[in-house]
Amino acid sequence: MPQSLVKNNIHLVFSTKNRENMIRVEDYEELRAYLIGLLSEFGCYLEELGGTENHIHLLFVLNKKLSISEVVGKIKANTSRWFHKRNGKEFSWQSGYGAFSVSQSKVEVVRNYIRNQIEHHRVKGFEEEFREFLKAYDIEWDEKYVWD
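What counts as what
Residues numbered from 1 in each chain as written. Predicted model: local features only at pLDDT ≥ 70, side-chain atom pairs only at ≥ 80, totals over all residues. Heavy atoms only, no water. Pairing = 2+ DSSP bridges. Helix = DSSP H or I, 4+ residues; strand = E, 2+ residues; numbered from the N terminus. Axes fitted to C-alpha atoms, helices over the stretch in contact; angles between N-to-C directions. Buried < 20%, exposed > 50% of the residue type's maximum accessible area, 1.4 Å probe, protein only. Polar contact = N/O pair within 3.5 Å; in protein donor to acceptor, adjacent residues only side chain to side chain. Contact = heavy atoms within 4.5 Å. Phe/Tyr/Trp six-rings, centres within 6.5 Å; stacked < 30°, edge-to-face > 60°. Lys NZ or Arg CZ within 6 Å of the ring centre and 35° of its normal.

Here the focus is the sheet that holds strand β3 (residues 55-62). The pairing of strands in a sheet comes from backbone hydrogen bonds and takes either a parallel or an antiparallel form. Taken in spatial order, the 4 strands line up as β2-β3-β1-β4 in an open sheet, and their pairing is antiparallel. Lying at the two open borders of the sheet, with one neighbouring strand each, are β2 (45-51) and β4 (98-102). The sheet shows a mean angle of 20° between the axes of neighbouring strands, taken without regard to direction. With 6 bridges connecting them, β2 and β3 associate as antiparallel partners. Residue G50 lies in a different strand from β3, and its bridge partner there is H57.

Next comes the structure, spelled out in structure tokens:
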């Protein structure tokens, strides 16, 4: 086959440094527009964005020529500068992240989950949510290395 045909749907989750409440609700609309442009520069496509004051969820299609870690590094570096410029305050993301593959048949389920983050987090904190993802995807972890 002369072509390489690839579609990798990625559900990306990461928090602000120390899960500080640094993201305002009114930031999300402009952040979405910024991320659409940023990801398109890398040949990726943003499907959905959501989150709360202390973390974000992105559903995006990964460019077949890039690694997840490359894209995450670019997202974090650029959005940290964007938040600093927008709000005039220092802004940092946690150093780690969670990236989970999403089958095409589950894209709408994940999209709806991400859209409903505010409602979801009325009853569950970020740490509990993240641990549930790690369990669901059968990822081993050590608590002392997950949070910063």
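Here we come to the side chain of R111. Inspection of the secondary structure assignment puts R111 in helix α3 (residues 107-115). Its relative accessible area of 12% is what places R111 among the buried residues. Among the polar contacts listed, one links the side chain of R111 to the side chain of E47, at a separation of 2.7 Å. Those residues within four positions of R111 in sequence are excluded, and the remaining contacts are E47, E48 and L59.

The next subject is the packing of aromatic side chains. Applying the stated criterion across every chain, the model contains 13 aromatic pairs. Consider the rings of F83 and F91, whose centres lie 4.2 Å apart with planes at 15°: the pair is stacked. Considered together, F83 and F91 belong to a single accessibility category, that of buried residues. Through successive ring pairs, a cluster of aromatic residues spans F100, Y113, F126, F130, F133, Y137 and W147. Directly above the ring of F14 sits K76, whose terminal nitrogen or CZ lies 5.0 Å from the centroid.

All right, on to the side chain of N78 then. You can see N78 is positioned in helix α2 (residues 68-87). For N78, a relative accessible area of 19% corresponds to the buried category. In this structure the side chain of N78 is engaged in a polar contact, spanning 2.7 Å, whose partner is the backbone oxygen of K74. Non-local contacts of N78, meaning those with residues more than four positions away in its chain, are made with Y34, L38 and F42.

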